[in-house]
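Chain by chain, the residues:
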Amino acid sequence: MFGLGKSNDVTLTMDRPYAESLLDKGVQDVIGKPLSRVDGPRKVSGTATYAAEYQLANMAYGVLVSATIGKGKVVSIDVEAAKAFPGVIDVVVDFDTFALVSQQGGETAAPAQGVKGVEYFGQIIAIVVGETFEAARDAAEQIPVVYERETGVFDFSLEHQHEKKLPDNNTPAHSSQGDLDTAMREAAFTVDVIYTTPSQNSVAMEPHASIATWDDGALTVYGAYQMPTSDAQQLAKALGLSASKVRIISRFIGGGFGSKLGIAPESVAAALAAKKLGRPVKAVMLRHQVFEATVRRSNTSQRMRLAASANGTITGIGHETTASNLAEQDYFEPAGLSTHFLYAGENRLITHDLVRVNWLLSGSMRAPGEAVGLMGLEGAIDELAEKVGIDPIELRRRNEPPRDPEKKVPFSSRHLIEALDTGAEMFGWSKRQKPGQRREGEWLLGMGVAAAARANILMETSAKVAIGKDGSVTVSSAMTDIGTGSYTILSQVAAELLGVPMDRITMKLGDTNDVPAAGSGGSWGACSSGSAIYLACESLRGKLANALGVDAAALTLKDAQAIGDNRSVPIAELVGEGMEAVGTIKPGKQTKAVNQATYGAHFAEVAVNLVTGETRVRRMLGVFAAGRILNEKTARSQCLGGMAFGIGAALTEDMIHDSRTGQLVIRDLAEYYVPVNADVPQLQVVFLSERDIHANPIHAKGIGEVGICGAGAAIANAIFNASGIRVRDFPITLDKLLPHLPAF
Ligand code: MOS
């Protein structure tokens, strides 16, 4: 009865606010509900297939060869020696085509290629392929390689600072307004301090993995990717193929946190090996290779300056960040991202520079920018409150900007003060004492607070929604679920709008043969893909209304029935052979017309041990306003995970490079301390009710990253409140507290 043609397809560019969302009118009553993950049973039963788990016929096993110098050249690789190992099929060396580094997220170009020159310790220089993984690993670890060493830069020192101004990266490299120096001179109170944060690794549980298989000049890669559409373009460029010749399948991903936004070196290696051998090749990075040769969050040195009047009104904000990266890589950690708009203040200076080092690529890791930028800014704000002698929440209240203090545009929605006030009430903030006053035996106790902010992003994304003749619904898109709950919340959007129970929805994600999507990153996934599905469903609702003979506005869809004009007809009876629509959302003028961000407030209570200097987090509370919450359970889990990330950032996580060789000293999960159960106390997450009509048709804002933003600062501020010791050098390990603690 209805064609499958393009006529149902609909595109919306967010040039105007979207005042009324159909999600507020749905009666299926699933949106927002704390439903368990639809993919949960498959994951816990081991039937969700991750990249490395596909079994292809005649598959060979590749293990990557890591360079064991920090800077220099590969003179020779003894391929014959490696081939003599039992079970080894071949060693694939292609100095020109191998990827030197991972690519950054969203880029459509190839990553930097060419690996004869070694730019960092652990760089991937070849791949050994065997009949078994063990055979390949054995040879890969023992293959004789001759190097010519060169002098590298293996330590982070401001004397290696790059001279040129960097290209902008989500946020301007350099920006200024007014005159900060004068504001500092004339201020009643000032803060001028340096906060430093170390390099960090995403440490997704699943290592980077690719299985490459060729068919008649076309490449299929089963990979662990956050953004398959652009990843396929990157891989095609790297191999000199047209994008249509590369298909990426990424159905389940064991965490990404930014490390899988762009392609990593194993994908190119697997593709080249599979081509040479004429059979599928699987390449899974070893854990140390994930640390050494994917992507790290840059370390930062952040000079924070605040100027304030006698009553704490901020007159100047300076946030000057120096991060690090490889010589030809201009990505900088955008630590000042939310400093642009979090607080009022006429005089502002926000800059980003790079020190060039021979360490692995630095790039995006969960909440690039804010995650470490707020450790500096929110620490400095706490220091200012201390100097002014007012409560840090009151200080924030006094500096709440009525609109974006730089761009002078309105905020789309902003409930920062409400989050702080709600949190203060729930957390018992009024019981907070002066630093060093609360003691229980050998423990000093204290509370800290920090604001959370994360810019909201909408990305061009499509989704196809099809209603089959049996009334079942299939949603397909090159979107991914990196463990965040996308399968579930996107099902909820479709179920709510098409009035079908959740179990009638089939989600097909993670295949570039389906319509393109921006994938998962930057907290844009739910809003971008949710909006694309919304648009497709809205189109289908129009068709269903037509078929029922009512206005779309008079149509109610519930429990697979179409109801209107006093009739109730099964949806299946209205769709004929089936109907489908592709929805596409695009960012538009709303991006600049308003400032969009998710906000929140973190509260932490810690205990600092007087004898050992160890810090135990006792409890944390996060209050967030992120627009519509699509699923209270998965949203909460995102925030809990972010807060646990914050504990690691504050107290333990640290990627240390040996300054003599450039080798990572910490390159596995035994040494890279992520918070474990014993480190993570009772965490509480609360959402404020909010809608954002400027953001998108579903009125939600990003939530995947806000949980980490400010979380570490709240802990550091709590440590100060407990002990009176201000540590500005993260992570706050025992040795940084011990010398300053009073004798026990
Ligand atoms: Mo995120 S760091 O954009 O996965």
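### Here we look at the overall build of the chain
A count of helices and strands for the chain gives 17 helices and 28 strands. Taking 744 residues into account, the globule formula puts the C-alpha radius of gyration at 27 Å, and the chain, at 26 Å, falls close to it. In terms of its C-alpha atoms, the chain occupies a principal-axis envelope of roughly 80 × 75 × 50 Å. Scored against the burial criterion, the 744 residues of the chain give a buried share of 62%. Considering only contacts in the chain between residues 6 or more positions apart, those separated by 24 or more positions represent 82%. Accessible surface, the chain as shown: approximately 26,500 Å² in total, 50% of it carbon and sulfur. In the chain, 71 side chains carry a positive charge and 83 a negative one; their mean positions are 2 Å apart.

### Structural notes on the packing of aromatic side chains
Tallying each qualifying case throughout the model produces eleven aromatic pairs. For the pair Tyr195 and Phe730, a centre-to-centre distance of 6.4 Å together with 20 degrees between the ring planes defines the contact as stacked. On the criterion of sequence distance, the pair formed by Tyr195 in strand β9 (residues 189–197) and Phe730 in the loop between α16 (711–723) and α17 (734–737) is long-range, its members being 535 residues apart. Under the relative-accessibility criterion, Tyr195 is labelled buried at 2%. Geometrically, the ring pair formed by Phe341 and Tyr599 is edge-to-face, given 6.3 Å between the ring centres and 90 degrees between the ring planes. Residue Phe341 is found in the loop between β15 (314–325) and β16 (347–356), and its partner Tyr599 is found in strand β26 (residues 597–609); the two are separated by 258 residues along the sequence.

### Some details on unusual backbone geometry
Look at the link from Phe730 to Pro731: it is a cis peptide, with omega at -5 degrees. Mapped onto the secondary structure, Pro731 falls in the loop between α16 and α17. Here Asn566, not a glycine, exhibits a phi torsion of approximately 60 degrees, which is positive. With respect to the helices and strands, the residue Asn566 is situated in the loop between β23 (561–564) and β24 (567–570).

### Some words on the pairing of strand β20 (residues 473–477)
With respect to burial, β20 is a largely interior element, four of its five residues being buried. Bridge analysis of strand β19 (residues 461–467) against β20 gives four bridges, and the strand direction is antiparallel. Considered in β20, the bridge of Val465 is made with Val475. Here β19 folds back onto β20, and the loop between the two strands holds five residues, one of which, Gly471, carries a positive phi near 90 degrees. Between β20 and its parallel partner strand β21 (residues 505–509), the chain crosses via helix α11 (residues 486–498), and the hand of that crossover is right-handed.

### Quick word on the nonpolar core
Grouped burial of nonpolar side chains is what soluble globular proteins tend to show. Membership of the largest hydrophobic core comes to 89 residues, with the highest contact counts inside it found for Leu342, Phe603, Met620 and Ile715. When residues of this core are assigned to their parent elements, the largest contribution, ten residues, is made by helix α8 (residues 370–388). Apart from residues no more than four positions distant in its own chain, Ile715 is found in contact with Ala604, Val606, Val617, Met620, Gly646, Ile647, Ala650 and Leu651. By size, the runner-up hydrophobic cluster in this structure holds 68 residues, among which are Val91, Val221, Val281 and Leu326.

### A closer look at the sheet that holds strand β27 (residues 615–625)
Pairing is mixed across the open sheet formed by five strands, whose spatial order is β17-β18-β26-β27-β28. In the strand order of this sheet, the two ends are held by β17 (438–440) and β28 (682–687), each with one partner. Adjacent strand axes in the sheet meet at a mean angle of 25 degrees when their direction is disregarded. With ten bridges connecting them, β26 and β27 associate as antiparallel partners. Residue pairing in the sheet places Tyr599 in a bridge with Ala625 of β27. Contacting β18 (443–455), β26 and β27, α16 runs over the sheet at an angle of about 155 degrees to β18.

### What about the layout of surface pockets?
Taken as a whole, the second largest pocket holds about 630 Å³ of empty space. Taken together, 25 residues make up the lining of the second largest pocket; nearest its centre are Val203, Ala204, Met205, Phe257 and Phe645. With three residues, helix α15 (residues 632–651) is the single largest residue contributor to the lining of the second largest pocket. Residue composition of the lining of the second largest pocket, by class: 15 nonpolar, six polar and four charged. The residue makeup of the lining of the second largest pocket includes at least three contributed by each of domain 2 (51–152 + 202–293) and domain 3 (300–457 + 593–740).

### A closer look at the packing of α15 against α16
The interhelical angle for the contact between α15 and α16, taken along N-to-C directions, is 50 degrees, at an axis separation of 7 Å. Considered as vectors, α15 and α16 are oriented oblique to each other. Here α15 runs over α16; the crossing is right-handed. Where α15 approaches α16, its residues Met643, Gly646, Ile647, Ala650 and Leu651 are matched on the opposing element by Ala711, Gly712, Ile715 and Ile719. Counted by class, the contact of α15 with α16 contains seven nonpolar, two polar and no charged residues.

What counts and how
- Residues numbered from 1 in each chain as written.
- Predicted model: local features only at pLDDT ≥ 70, side-chain atom pairs only at ≥ 80, totals over all residues.
- Heavy atoms only, no water.
- Helix = DSSP H or I, 4+ residues; strand = E, 2+ residues; numbered from the N terminus.
- Rg over C-alpha atoms; globule rule 2.2 N^0.38 Å.
- Buried < 20%, exposed > 50% of the residue type's maximum accessible area, 1.4 Å probe, protein only.
- Contact = heavy atoms within 4.5 Å.
- Areas by Shrake-Rupley, 256 points an atom, 1.4 Å probe, with all protein chains shown as cover.
- Lys, Arg positive; Asp, Glu negative; His and termini not counted.
- Charge placed at Lys NZ, Arg CZ, Asp CG, Glu CD.
- Phe/Tyr/Trp six-rings, centres within 6.5 Å; stacked < 30°, edge-to-face > 60°.
- Pairing = 2+ DSSP bridges.
- Right-handed = clockwise from strand over helix to strand, strands pointing away.
- Core = buried A, V, L, I, M, F, W, Y, C linked by side-chain atoms within 4.5 Å.
- Axes fitted to C-alpha atoms, helices over the stretch in contact; angles between N-to-C directions.
- 1 Å grid on protein atoms, 1.4 Å probe; cavity = no way out; pocket = protein on both sides within 12 Å on 5 of 7 lines; lining within 4 Å.
- Points joined across faces, edges and corners; volume = space filled by probe spheres on them.
- Nonpolar A, V, L, I, M, F, W, Y, C, P; charged D, E, K, R; others polar.
- Domains from an automatic or database assignment.
- Parallel < 35°, antiparallel > 145°, perpendicular 65-115°, else oblique.
- Left-handed = near helix turned anticlockwise from the far one by under 90°.

Such coordinate-based values are descriptive only and should not be taken to indicate function.
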